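Understanding the architecture of this molecule
Chain residues, written in single-letter form:
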There are 2 protein chains.
Amino acid sequence: MRAKIVTIGDEILIGQIVDTNSAWLSSELNRYGIAVGEILSISDDGDAIVSTLDTALRDYDLVLVTGGLGPTKDDITKQSLCRLFGCGLRNDEASFDHNREMLAQRGIPFTELNRRQSEVPEACTVLFNRNGTAPGMMFERKGHYMACMPGVPYEMKTIFAEQLAPRLDGMFRLGAVYHRTMITTGIAESVLAATIESWETGLREGLKLAYLPNPNGVRLRLSSYTLDREEAERAVEKAFRELEKIIPENIVGYEGTSVESAVADMLRDGGHTLSVAESCTGGRIASRFTAMAGASDYFLGGVTAYTADMKTRVLGVPQTVIAEHGVVSEQVARAMAEGVAALTGSDFAIATTGVAGPSGGTEQTPVGTVWMAVKTPWGTVAEVRVFNSEREVNIERASAYVMDMLRRRIRKA
Amino acid sequence: MRAKIVTIGDEILIGQIVDTNSAWLSSELNRYGIAVGEILSISDDGDAIVSTLDTALRDYDLVLVTGGLGPTKDDITKQSLCRLFGCGLRNDEASFDHNREMLAQRGIPFTELNRRQSEVPEACTVLFNRNGTAPGMMFERKGHYMACMPGVPYEMKTIFAEQLAPRLDGMFRLGAVYHRTMITTGIAESVLAATIESWETGLREGLKLAYLPNPNGVRLRLSSYTLDREEAERAVEKAFRELEKIIPENIVGYEGTSVESAVADMLRDGGHTLSVAESCTGGRIASRFTAMAGASDYFLGGVTAYTADMKTRVLGVPQTVIAEHGVVSEQVARAMAEGVAALTGSDFAIATTGVAGPSGGTEQTPVGTVWMAVKTPWGTVAEVRVFNSEREVNIERASAYVMDMLRRRIRKA
């Protein structure tokens, strides 16, 4: 069972927006045992839309299309679908009523443009859009299916989950695709590869390994496309159990987990609390913790101290320490972590002070230098790293690194 | 002059990573007058790589390939390139020396895997990778060109900028593609479309308008693919000047600008300073300001007060105010903004308090409710909105909304 994902929109081809929908849809389809063969972005051009979708519907069992369904004049997907299926437009009453009510609630006037949004090609089955005004549409041709959804991510996700996913089982005899991913941190890709080489060579037939590095670490994915589901699960489980013995220190967890999520679980389980004091990471660490639902279980708060004055007055870093050692120093990082813990009453704390770049570096403290400290009930530790990259990556790496310092400290306790 | 972008990697097709490289490359190619016709993601499969690249190199003047060049066993792009061009591998000495030195500096041992990274197909010209160990490669066939680069974003970007971009002029007679985008905020897409309808209808031939909504607002892009460069610039400039008269309140700026960047410019120009007090946005606002280089010119710092206790003790919100009005209230938002300004000595301040979700809502204060306050030298204002979406979107919208409140206040002053 193979699918193709097609996104429509000049905004993608000129690089104005990043296509995040396709990754989400691919991941969902894989869960249902449907492998994605290709992801293609094409322009808002009627001829390109018709010929691309025609070919895709011939070559693939399932075609998922996103984008091109907004209320404004740049959107020509619906007209192209009418051409492809040789039909006209009809009004969908359920969508019409929903749209009128939705805009009324938001206090937005109902315009002619909004009225046209509930029009759909006669050949389609409507996939109701609870979160928006552009209905999804499903088409069938010779046992192959195509679903078109708006490009707004949370509208698309809801339509997929509520309208499309429940129908997949009836449309196809679903096969088995199985992936499981281990999240590692603190070990470079080439060192990791050398460390686990004999384990990798010994993987049973039918399992495929992939290395996926990012600023937070290297993820290791095992995939099976040929084994049946239970056999695949058992084989992957066994392989990862072996790997856990080889690199126990470097494993954060599995699947979509992250170092902050691992730390959050540990803190929650132990009934602990956390606060953060950030200089060069500028609120990124607080933002990563609070992006997770339920952060208030353990996260008390944070201070982004972008000036020396705030470090002194709010966090209680002694002026003499700053004068003697400089703002980017082990002593200041330690004092910040201890200061924010004292301020908030948390038993754990994290602190960063460094030079994110692109300017502000010196010979002694080049751009990318970050001192990081972790305060726990068993004491405070500090480490320095030079994250020799661009501002955004330096902020991301320092955030991940200091969160992992905390993870390792709790793990060893 | 038309290009195709191909990304290689199962991690994209199973939805494990989002492809951000293609958007960046598209945007760069457009600057050089090269239009991107398609973006395609394919799997780490030798046959698929060979046949896809063969076709692409026939149909397009330029093919940019990213991904599939890591040191580990899942990467088979180089072998496929040798098949496509009928050649073997050779060692590239400059890359070899660079890789050995780079790993030595980082204290990572040099392995057999690293040695193989400096091997390249004999048919290619090497595009030196200053930031990494996988060299870029350029191929030519019948006046069509293909460049292959690693998938790590900052390595790819440096290779493009330093090695590929300077060669484009010699490779092609570059045409003219011109885009310019206005960033609007605070007006719904359908209302905006109705408001500017007669302006849109009156656009001169050769200009194409696109609406690009996201949680921060709607961007309006004018594009020309047919006019010559100077004519396109003049026509677009004239059209936007007219539009500025129709929606003056809603314009943040142009191109890659953002509401935080507009605020940053205004603060910097006026010699002002800013601090933030965040509850439900959890550090996101601080993080968005500090993600921009030079934030220390105006940004003093922030407090993420996730508990009532921190709001009281650090920000000085009176306990009686919280007891009487609740944590999510106009009074608390105002007191937080004024409290953080007093704490840091900034003349401007932003505050948020709300329910990001998914849980924590009540009948009176449903999930998505956020009180936002802005403190300026001319007084403090507060507004409430119900951002009726998922946690991540609620955080993003509230952050954008309150930053825009500040923008509007400074603009009117």
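The structure contained in this document is the topic of the report that follows. (Residues numbered from 1 in each chain as written. Chains lettered and ligands numbered in written order. Predicted model: local features only at pLDDT ≥ 70, side-chain atom pairs only at ≥ 80, totals over all residues. Heavy atoms only, no water.)

A word on the overall build of chain A
Scanning chain A for helices and strands turns up 16 helices and 17 strands. Structurally, chain A occupies a C-alpha span of about 80 × 60 × 40 Å along its principal axes. By residue count, 61% of the 413 residues in chain A fall in the buried class. Side-chain charges of chain A comprise 43 positive and 53 negative groups, with the mean position of each set lying 2 Å from the other. (Helix = DSSP H or I, 4+ residues; strand = E, 2+ residues; numbered from the N terminus. Buried < 20%, exposed > 50% of the residue type's maximum accessible area, 1.4 Å probe, protein only. Lys, Arg positive; Asp, Glu negative; His and termini not counted. Charge placed at Lys NZ, Arg CZ, Asp CG, Glu CD.)

Considerations on the side chain of Asp 92 of chain B
Residues and elements named next belong to chain B. Residue placement: Asp 92 occurs in the loop between strand 4 (89-91) and helix 5 (93-106). Among the polar contacts made by the side chain of Asp 92, one reaches the side chain of Ser 95 at a distance of 2.6 Å. If sequence neighbours within four positions are ignored, Asp 92 has contacts with Ser 118, Val 120 and Val 126. (Polar contact = N/O pair within 3.5 Å; in protein donor to acceptor, adjacent residues only side chain to side chain. Contact = heavy atoms within 4.5 Å.)

Observations regarding the sheet that holds strand 8 (residues 144-149) of chain A
If you walk across this open sheet you meet the 12 strands as 6(A)-7(A)-8(A)-3(A)-1(A)-2(A)-2(B)-1(B)-3(B)-8(B)-7(B)-6(B), and the pairing is mixed. Pairing within the sheet leaves two strands with one partner each, and these edge strands are strand 6 (125-127) of chain A together with strand 6 (125-127) of chain B. When the angles between neighbouring strand axes are averaged without regard to direction, this sheet yields 20°. Pairing of strand 1 (residues 2-8) of chain A with strand 2 (residues 35-42) of chain A, which is carried by 7 bridges, proceeds in the parallel orientation. The residue bridging Ile 5 of chain A from the neighbouring strand is Ile 39 of chain A, located in strand 2 of chain A. Strands strand 3 (62-66), strand 6, strand 7 (136-141) and strand 8 (144-149) of chain B of the sheet are contacted by helix 7 (residues 153-171) of chain B, whose axis makes an angle of about 135° with strand 6 of chain B. (Pairing = 2+ DSSP bridges. Axes fitted to C-alpha atoms, helices over the stretch in contact; angles between N-to-C directions.)

Focus on the packing of aromatic side chains
With the rule as written, the count across this model stands at 20 aromatic pairs over all chains. Judged by centre distance (5.6 Å) and plane angle (75°), the ring pair of Phe 348 of chain A and Trp 378 of chain A falls under edge-to-face. Residue Phe 348 of chain A is located in strand 15 (residues 348-354), and its partner Trp 378 of chain A is located in the loop between strand 16 (369-376) and strand 17 (379-386); the two are separated by 30 residues in the primary sequence. Classification of Trp 378 of chain A by relative accessible area gives partly exposed; the value is 46%. Here the aromatic rings of Phe 240 of chain B and Tyr 254 of chain B are separated by 5.3 Å at their centres, their planes lie at 65°, and the arrangement is edge-to-face. With a gap of 14 residues between them, Phe 240 of chain B in helix 10 (residues 229-246) and Tyr 254 of chain B in strand 12 (residues 251-254) connect regions that are remote in the sequence. Judged on exposure class, the residue Phe 240 of chain B and its partner Tyr 254 of chain B are both buried. Above the face of the Tyr 401 of chain B ring, Arg 408 of chain B is positioned so that its terminal group lies 5.7 Å from the ring centre. (Phe/Tyr/Trp six-rings, centres within 6.5 Å; stacked < 30°, edge-to-face > 60°. Lys NZ or Arg CZ within 6 Å of the ring centre and 35° of its normal.)

Points about the interface of chain B and chain A
Where the parts come together, the accessible area they lose is often given as the size of the interface. The partner chain A presents 87 residues to the 86 residues of chain B that form the contact. Across the interface of chain B and chain A, roughly 6,700 Å² is buried in total on both sides, 57% from carbon and sulfur atoms. The tally of links between chain B and chain A comes to 2 salt bridges. Asp 10 of chain B is the salt-bridge partner of Lys 208 of chain A, the closest N and O atoms lying 2.7 Å from each other. Among the residues forming the side of chain B that touches chain A, the class breakdown is 39 nonpolar, 28 polar and 19 charged. Across 3 bridges, the pairing between strand 2 of chain A and strand 2 (residues 35-42) of chain B is antiparallel. Looking at strand 2 of chain B, one finds that Leu 40 of chain A is bridged to Leu 40 of chain B. (Buried area = accessible area lost by both parts, 1.4 Å probe. Salt bridge = Lys/Arg side-chain N within 4 Å of Asp/Glu carboxyl O. Nonpolar A, V, L, I, M, F, W, Y, C, P; charged D, E, K, R; others polar.)

Quick look at helix 11 (residues 259-270) of chain B
All names here are of chain B. The first and last C-alpha atoms of helix 11 sit 17 Å apart over 12 residues, in line with the 16 Å expected at 1.5 Å per residue. Looking only at helix 11, the buried set comprises Val 259, Glu 260, Ser 261, Ala 262, Val 263, Ala 264 and Leu 267. At its buried positions, helix 11 is contacted by strand 12, strand 13 (274-278), helix 12 (284-290), strand 15 (348-354) and helix 16 (391-412). Gly 271 lies just past helix 11 and shows a positive phi near 65°. (Expected span 1.5 Å × (residues − 1).)

Regarding helix 15 (residues 330-344) of chain B
Residue and element names in this part refer to chain B. Taking 1.5 Å of rise per residue, the 15 residues of helix 15 would be expected to cover 21 Å, and the 22 Å separating its terminal C-alpha atoms lies within 8% of that figure. Those residues of helix 15 that sit buried are Val 332, Ala 333, Ala 335, Met 336, Ala 337, Gly 339, Val 340, Ala 341, Leu 343 and Thr 344. Directly beyond the C-terminal end of helix 15, a positive phi value near 80° is found at Gly 345.

Topic: unusual backbone geometry
Residues and elements named next belong to chain A. Residue Pro 358 follows Gly 357 across a cis peptide bond; omega there is 0°. Here Pro 358 shows up in the loop between strand 15 and strand 16. With a phi close to 50°, Lys 142 is a non-glycine residue in the positive phi region. Along the chain, the position of Lys 142 falls in the loop between strand 7 (136-141) and strand 8.

Section: the pairing of strand 9 (residues 178-184) of chain B
Residue and element names in this part refer to chain B. The buried fraction of strand 9 amounts to 6 of the 7 residues, a majority that puts the element mostly inside the structure. Relative to strand 11 (residues 217-224), strand 9 runs antiparallel, the two sharing 6 bridges. Residue pairing across strands places His 179 opposite Ser 223, the latter belonging to strand 11. Taken together, the 3 bridges between strand 9 and strand 12 define a ladder with antiparallel strand orientation. By the bridge assignment, Ile 183 is partnered in strand 12 with Gly 253.

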